[in-house]
Amino acid sequence: MKKNNTFQEIAKQLLAAKSVLIYPHVNMDGDAMGSGTAMCRALRSLGKESYVLIEDDIARNLQFLDEGYCTRNQDVMENPEVSLCLDCGDMSRFPKRKDKFLEGKVTICIDHHRTSQPFCDFNYIDPGVAATGELIYQLLLAMDAPKDRQTANALFAAISTDTGNFQHSNTTKQSHMIVADLYDWGVEANMVSREIYNRVRLERIRIQNRALQNMEIFAGGQAAMAYVDGRMLLETGAGMDETEGTVDQLKSIDGVEIAVFVKSDWPMDRSEEPSAPWLALPEKVKISMRAKSWSNVAAIAEKLGGGGHIKAAGCTLNMPLKDALPLIKKEVEDALL
């Protein structure tokens, strides 16, 4: 098995390259988006050609971080000298960009997920840090990259979101010390927090309310599960990205140790009306899990082909929603009882 390189070794590769294409995981969260845009800005500041290559939409509350960094155009850069994946340790996490990633003369992975294994030419994977943004901060120091306001804002967004606004148990002294240093870079912490947490559309409130209406409490009150399907999205006018945070609401319930949130573009009733938008999409479900204190949701996710952290994990199941719900319920009950 490959071992971690040092930040200095990875910095040397990036500083020697003229072109770097950055690959965050699909359905970018704040850590992936913040880490990617911070790195892209730093590389451009150092005279490199760089883009963040994505394959899906950017969540509305993260769009403020994109100042011309992100693109879906895989031809934006021909044969990049470095392909750099962030916040993911497996090419299955960016399936439509896999072939492009392999065009890189040098491949690099920076990640903090416990289930990730080194697979690139150069790797730095540390499950002990709260966010990939913390690793990018250290890498930028090793590169002697410019310390400016926009980079600081992106790193703050990365760390803030993956620590649950500094409430999750993964938050460490290092998390706070990095953020403290970002104030010297000019971080606009209040502005970033407003953009991330206080730009909620009415449709988001409606879809989360619908999800909570079908919530089920089980395992003697130790687990809570809810779901969103395509019909609910259509009726509320919400996007799937606007369900973000629902799993944390479930986790906040007193007595709940494991929270599960299930998402499906297909409706529970498998409607096949000719104009239904879900007919063009694969019938699968995405599952997010959170643990409050002692349980290990990564172990549950791994049994179902996924992964993540001990307190935050997920997986994708290629089956209808009605079949997935009892399956995940049983796995959670087995873990708790």
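Residues numbered from 1 in each chain as written. Predicted model: local features only at pLDDT ≥ 70, side-chain atom pairs only at ≥ 80, totals over all residues. Heavy atoms only, no water.

(A) The overall build of the chain, seen in detail. Each helix and strand counted, the chain has twelve helices and twelve strands in total. Here the chain has a C-alpha radius of gyration of 20 Å; the compact-globule value for 337 residues is 20 Å, and the two agree. In terms of principal-axis extent, the alpha carbons of the chain reach across some 55 × 45 × 45 Å. Taken across its 337 residues, the chain has 53% of its residues classed as buried. A separation threshold of at least 6 residues defines the contact pool for the chain, and within that pool the share at least 24 residues apart is 69%. As displayed, the chain has an accessible area near 14,800 Å², and 47% of this comes from carbon and sulfur atoms. (Helix = DSSP H or I, 4+ residues; strand = E, 2+ residues; numbered from the N terminus. Rg over C-alpha atoms; globule rule 2.2 N^0.38 Å. Buried < 20%, exposed > 50% of the residue type's maximum accessible area, 1.4 Å probe, protein only. Contact = heavy atoms within 4.5 Å. Areas by Shrake-Rupley, 256 points an atom, 1.4 Å probe, with all protein chains shown as cover.)

(B) Seen up close, the pattern of salt bridges. Per the stated rule, a full pass over the model turns up 14 salt bridges. Close ionic contact of Glu 103 with Lys 100 constitutes a salt bridge, the shortest N to O distance being 3.0 Å. In this structure Glu 103 comes out as partly exposed when scored by relative accessible area, which is 34%. Using a relative accessible area of 6% as the deciding quantity, one classes Lys 100 as buried. (Salt bridge = Lys/Arg side-chain N within 4 Å of Asp/Glu carboxyl O.)

(C) Quick look at unusual backbone geometry. Within the chain, Asp 144 stands out as a residue other than glycine whose phi angle is a positive 55°. Residue placement: Asp 144 occurs in the loop between helix H4 (132-143) and helix H5 (149-162). In the Ramachandran plot, Asn 165 falls in the positive-phi region, its phi being about 60° despite a non-glycine side chain. Residue placement: Asn 165 occurs in the loop between H5 and helix H6 (173-185).

(D) Summary view of helix H8 (residues 202-213). Counted at 1.5 Å a residue, the expected span for H8 with its twelve residues is 16 Å, and the 17 Å between its end C-alpha atoms agrees. Within H8, burial applies to Arg 204, Ile 207, Gln 208 and Ala 211. Viewed end-on, H8 has its buried residues packed into an arc of 100°, placing them on one side of the element. Residues of H8 that are buried in the fold lie against strand E8 (223-228), helix H9 (230-236), helix H10 (246-251) and strand E9 (258-264). (Expected span 1.5 Å × (residues − 1). Arc of directions from axis to C-beta.)

(E) A look at the sheet that holds strand E5 (residues 106-111). Spatially, six strands are ordered E3-E2-E1-E4-E5-E6 in an open sheet, and the strand pairing comes out parallel. For this open sheet the edge positions go to strand E3 (70-71) and strand E6 (122-125), each flanked by a neighbour on one side alone. Along the sheet, helix H1 (residues 7-16) makes contact with strand E1 (19-24), strand E4 (82-86), E5 and E6, crossing E6 at roughly 135°. Sheet strands in contact with H4 are E4, E5 and E6, and its direction is about 125° off that of E5. (Pairing = 2+ DSSP bridges. Axes fitted to C-alpha atoms, helices over the stretch in contact; angles between N-to-C directions.)

(F) Up close: the pairing of E6. Burial along E6 is two-sided: Phe 122 and Tyr 124 facing one way and Asn 123 and Ile 125 facing the other are all buried. In terms of strand pairing, E5 meets E6 through four bridges, oriented parallel. Across the sheet, the residue bridging to Ile 110 is Tyr 124, located in E6.

(G) Representation of the packing of H5 against helix H7 (residues 189-197) within the structure. It is the contact of H5 with H7, at a shortest axis distance of 10 Å, that shows an interaxial angle of 55°. By the angle class used here, H5 and H7 are oblique. As for the relative orientation of H5 and H7, their crossing is right-handed in sense. Within the contact between the two elements, H5 uses Asn 153, Phe 156, Ala 157, Ser 160 and Thr 161 and H7 uses Ala 189, Met 191, Val 192, Ser 193, Ile 196 and Tyr 197. (Parallel < 35°, antiparallel > 145°, perpendicular 65-115°, else oblique. Left-handed = near helix turned anticlockwise from the far one by under 90°.)

(H) Fine view of the sheet that holds E8. Taking strand neighbours across the sheet as the criterion, the six strands line up as E7-E8-E9-E10-E12-E11 in an open arrangement whose pairing is mixed. Strand pairing shows two members of the sheet lacking a second neighbour, strand E7 (216-218) and strand E11 (307-308), which therefore form its edges. In terms of strand pairing, E9 meets strand E10 (residues 285-291) through seven bridges, oriented antiparallel. Each residue of the ladder has a partner; that of Ile 258, found in E10, is Ala 291.

Just geometry here; none of it tells us what the structure is for.
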